[in-house]
Amino acid sequence: MFTILLTFSENRAKASQFMEGHKQWISQGFDEGVFLVVGNLQPSRGGGILAHNTTMEELTERLNADPFVIEKIVEAEIIEITPARTDERLEFLMA
């Protein structure tokens, strides 16, 4: 399981130009069963993603296809988490 932090960079002003492509990239992540949660980092610092069902290498490749990463609008940080315990509703993350 992975937490991805997409923190705005100095190019943040370009975000509106690439927002549609970024939203399509997010939709693809959900459609392919990799993204579980996507949301905003507060206060207005960027975005966060909870991902699973992928490897670090695959996730890095996926992130490198995000228009926000390509255009250096955000800096991506991947944090890998090995779950030790979950609520029973999230047991699928233990696999």
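Everything below is about the structure shown above.
One structure accompanies this document, and this report is about it. Small disclaimer: the values here were computed from a predicted structure and weren't measured. (Residues numbered from 1 in each chain as written. Predicted model: local features only at pLDDT ≥ 70, side-chain atom pairs only at ≥ 80, totals over all residues. Heavy atoms only, no water.)

What to know about the sheet that holds strand 4 (residues 74-80)
With antiparallel pairing, four strands are arranged side by side in an open sheet as 2-3-1-4. Each of the sheet's edge strands pairs with one partner strand only, and the pair in question is strand 2 (35-41) and strand 4. Across the sheet, the axes of successive neighbouring strands diverge by a mean angle of 15°, strand direction being ignored. Relative to strand 3 (residues 46-51), strand 1 (residues 2-8) runs antiparallel, the two being bridged by six bridges. The residue bridging Thr-3 from the neighbouring strand is Leu-50, located in strand 3. The strands that helix 1 (residues 15-31) touches are strand 1, strand 2 and strand 3; relative to strand 2, the one it contacts most, it runs at about 150°. (Pairing = 2+ DSSP bridges. Helix = DSSP H or I, 4+ residues; strand = E, 2+ residues; numbered from the N terminus. Axes fitted to C-alpha atoms, helices over the stretch in contact; angles between N-to-C directions. Contact = heavy atoms within 4.5 Å.)

Digging into helix 1
Taking 1.5 Å of rise per residue, the 17 residues of helix 1 would be expected to cover 24 Å, and the 23 Å separating its terminal C-alpha atoms lies within 8% of that figure. Largest kink in helix 1: about 30°, centred on Gly-21. Taken residue by residue, helix 1 has Ala-15, His-22, Trp-25, Ile-26 and Gly-29 as its buried positions. Of the residues trailing helix 1, Gly-33 is marked for its positive phi of about 75°. (Expected span 1.5 Å × (residues − 1). Bend = angle between axes of the 7 residues up to and from the residue. Buried < 20%, exposed > 50% of the residue type's maximum accessible area, 1.4 Å probe, protein only.)

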